[in-house]
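# Summary of the model geometry
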Amino acid sequence: MPGGPGGSGTGVATGSLFWAIIMSAFAAFGGILFGYDTGTIGGVIAMPDWLTTFGVYDPTPANTTGFVYYLPTAHKSLVVSILSAGTFFGALLAFPMADMVGRKWGIIASCGVFSLGVGLQLDTHWATFVVGRVIAGFGVGLVSCLIPMYQSECAPKSLRGMIVGLYQLAITIGALLAAIVLNATKNQLSHSAWRTPIAVQFAWAGILSGGLLLLPESPRFLMHKGREDEARRALARLMTMPPESPEVELELDEIVTALAADRAIGQGSYLDCFKNNASKNALRTWTGIWLQGWQQLTGINFIFYYGTTFFKQAGISNPFIITIIADVVNTVMTIVGIQLIDRVGRRRLLLIGAIGMCLSEYIVAIVGVTVGQTNTSIVNGVSNTAAVNITAQRVLIAFVCIYIAFFAISWGPVVWVITGEIFPLNIRAKAMSLSVASNWLWNFGIGYATPYLVDPTTTGLNGVKTAHLGVKVFFIWGSTCVGCFLFTYFFVPEVKGLSLEQIDLLYRESSIRNSDSYRRQMLEDGETYVQKKKEGVYIEEKERV
């Protein structure tokens, strides 16, 4: 039952695949904003000049940090996690930004917000620095929702997984660049040691906003707003075909037919996101919300937020170098992962990744608590670490890297891909904003709680009681990966190779367990909204637009 060109379910056809990829993939550059900031803060808070500027002076012998200036646990939790508080609200407000301003102009405006936050972080007052973190987070939250949305709606279907996965690759590249810049400035004895890594972020925002000025708006957003002529021209640019070509016309027909079917059962309110209707909106919304939450519960940001201080506490002499190695592994394996998304499939990669991360984290925890422990004593305010088991440390580092590798090929890029493609058009902006807000809410909670879980208890003038789990925290992360596996098995369908409109049909007419077989049948039969319209299905809904 194949249809015509462009309306056959083959996704956005194109006369120049190269330019279609370039236009839809460029937006992934926004991931650098998130990745670079994430990678920067962990190193900045370990720099002597930053600690002298913002830390607490405590020369008493009972000071268990071993330094005259140090950052109290409460302050460390706040400065690291407060960015995620801003991103949470930024992600929630991505809906009105996306549906009122647009996907393209929403991203450009978000870069302006982010730049304001970066500027405030160059100040030497604690309150201003923290406020800057919140505002920068607000911009990152907007970008983290709008970019996968824009990419999903503009990318060719056959490469959508890889293109949206480039957002996660950009995050890893940002973290790697941060580690390199931090390593280059860490020994400077002035404010430039930490101001330079922070100020570099102006460049990322400028490149992203400048490039997007040259790209078209999402044609699906324009059709959603009833701007058909503009949608036709935008789609023609993405397909590199004349606006009056039959391929462009049939692609628009598929979009408007799917939109009509969705509008027939709801007008796209927040309440519609949680309705258990024919489109299974509630299942899809909760899948997005929990999928983003489980990504954070893998524990990956523990390494990238607190990796430098964690490796230092583990007795490793140059934790900055180990952090760079971890970032290189993350970047290289993400490159591998994004090429597997459209070959292996979303669901299968998530299952494989959950198993690999679980085993790796349990090994790190077991090695750490049995033969990898270090003994630290404080004498006259000076930290003295006993000899460490070098072999155990190498095993710990190796399996941390293996754990990162499994994350990078699966739960890193795949979660963003799925979040950008499983929602129907009439609720996509709202459902995506809720899902990405979930990511940042968990990010904030984990970022804030981690120092209290991991750091040693401090005494003296500014002492804080903590759980002092240390490496045992990996038992927690390993257990949450079991939850990742179970959630994927029961709630995440396989949608490899389907257009956004075909994914909508799959949710309507298949179950999660049977999604892969139904997906293959759809591709074999060329099943689309346009094809069903020809058979007399969805005609009534089409006429309601």
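Placed above this text is the structure.
This is a predicted model, so every value here is computed, not measured. (Residues numbered from 1 in each chain as written. Predicted model: local features only at pLDDT ≥ 70, side-chain atom pairs only at ≥ 80, totals over all residues. Heavy atoms only, no water.)

Moving on to the overall build of the protein. The number of helices and strands found in the protein is 26 helices and four strands. A buried classification covers 61% of the 545 residues belonging to the protein. The long-range fraction of contacts in the protein, counting pairs at least 24 apart against all pairs at least 6 apart in sequence, stands at 79%. Total accessible area computed for the protein in this model is approximately 19300 Å², and 66% of it derives from carbon and sulfur atoms. (Helix = DSSP H or I, 4+ residues; strand = E, 2+ residues; numbered from the N terminus. Buried < 20%, exposed > 50% of the residue type's maximum accessible area, 1.4 Å probe, protein only. Contact = heavy atoms within 4.5 Å. Areas by Shrake-Rupley, 256 points an atom, 1.4 Å probe, with all protein chains shown as cover.)

Scanning all chains against the criterion turns up 25 aromatic pairs. When the centroid spacing of 5.5 Å and the interplanar angle of 70° are considered together, the rings of Phe54 and Trp194 count as edge-to-face. With Phe54 in helix 3 (residues 48–54) and Trp194 in helix 9 (residues 192–199), this pair connects stretches of sequence that are 140 residues apart. One exposure class covers both Phe54 and Trp194, and it is buried. (Phe/Tyr/Trp six-rings, centres within 6.5 Å; stacked < 30°, edge-to-face > 60°.)

Per the counting criterion, the structure on display carries nine cavities of 30 Å³ or more. When its volume is computed, the largest cavity comes out at roughly 160 Å³. Every residue lining the largest cavity is counted, 16 residues in all, and those nearest its centre are Phe34, Gln168, Ile171, Asn301 and Phe304. Listed by contribution, the elements that provide at least two residues to the lining of the largest cavity are helix 2 (31–44), helix 8 (160–185), helix 15 (281–297) and helix 16 (300–313). Ranked by the residues each element gives to the lining of the largest cavity, the list is headed by helix 8, at four residues. Here the lining of the largest cavity is composed, by residue class, of seven nonpolar, nine polar and no charged. (1 Å grid on protein atoms, 1.4 Å probe; cavity = no way out; pocket = protein on both sides within 12 Å on 5 of 7 lines; lining within 4 Å. Points joined across faces, edges and corners; volume = space filled by probe spheres on them. Nonpolar A, V, L, I, M, F, W, Y, C, P; charged D, E, K, R; others polar.)

What follows is about the pattern of salt bridges. According to the stated counting rule, one finds 17 salt bridges in the structure shown. Ionic pairing is found between Glu501 and Arg220, a salt bridge with its closest N-O pair at 3.1 Å. Of this pair, Glu501 sits in helix 23 (residues 500–509) while Arg220 sits in helix 11 (residues 219–224), placing them 281 residues apart in sequence. Across the pair, exposure class does not vary: Glu501 and Arg220 are buried alike. Note that Asp504 is salt-bridged to Arg508, the shortest N-O span being 3.8 Å. In this pair, Asp504 and Arg508 both sit in helix 23, four residues apart, roughly one turn of the helix. Residue class for Arg508 comes out buried when judged on its relative accessible area of 17%. A single network of salt bridges, built from pairs that share partners, joins Asp99, Arg103, Glu153 and Arg428. (Salt bridge = Lys/Arg side-chain N within 4 Å of Asp/Glu carboxyl O.)

For Thr240, which is not a glycine, the phi torsion comes out positive at approximately 45°. Among the secondary structure elements, Thr240 is positioned in the loop between helix 12 (228–239) and helix 13 (246–263). Accessibility expressed as a relative area gives 34% for Thr240, which makes it partly exposed. Even without being a glycine, Lys280 presents a positive backbone phi close to 55°. Mapped onto the fold, Lys280 is located in the loop between helix 14 (270–273) and helix 15. When its relative accessible area of 23% is taken as the criterion, Lys280 is described as partly exposed.

With that settled, consider helix 4 (residues 73–92). Spacing of three or four residues puts side chains on the same side of an α-helix, whose turn is 3.6 residues. If you check helix 4, its first and last C-alpha atoms are 29 Å apart, about what 20 residues at 1.5 Å a residue would give, namely 28 Å. Of all the bends in helix 4, the greatest measures close to 40° and is centred on Ser81. (Expected span 1.5 Å × (residues − 1). Bend = angle between axes of the 7 residues up to and from the residue.)

Attention shifts here to the nonpolar core. Counting 122 residues, the largest nonpolar core has Trp50, Ile404, Trp411 and Phe474 as the members making the most contacts within it. If one sorts the elements of this core by residue count, helix 7 (residues 126–154) sits on top with eleven residues. Apart from the residues lying within four places of it in its own chain, the contact partners of Phe474 are Phe302, Ile303, Phe310, Glu361, Val364, Ala365, Val400 and Tyr403. If you look at the next biggest cluster of nonpolar residues, it comprises 15 residues, including Ala231, Ala236, Val248 and Leu252. (Core = buried A, V, L, I, M, F, W, Y, C linked by side-chain atoms within 4.5 Å.)

A few words on the packing of helix 2 against helix 8. Two elements in contact, helix 2 and helix 8, have axes separated by 6 Å at closest approach and are oriented at 35°. Here helix 2 runs over helix 8; the crossing is right-handed. Residues Gly31, Ile32, Phe34, Gly35, Tyr36, Gly39, Thr40, Gly43 and Val44 of helix 2 form the contact with helix 8, whose own contacting residues are Tyr167, Ala170, Ile171, Gly174, Ala175, Leu177, Ala178, Val181 and Leu182. Here the residues of the contact of helix 2 with helix 8 are counted per class, giving twelve nonpolar, six polar and no charged. (Axes fitted to C-alpha atoms, helices over the stretch in contact; angles between N-to-C directions. Left-handed = near helix turned anticlockwise from the far one by under 90°.)

Along the polypeptide, Ala179 turns up in helix 8. Using a relative accessible area of 5% as the deciding quantity, one classes Ala179 as buried. Sequence separation of Ala179 and Asp327 is 148 residues, and the distance between their C-alpha atoms is 7.5 Å.

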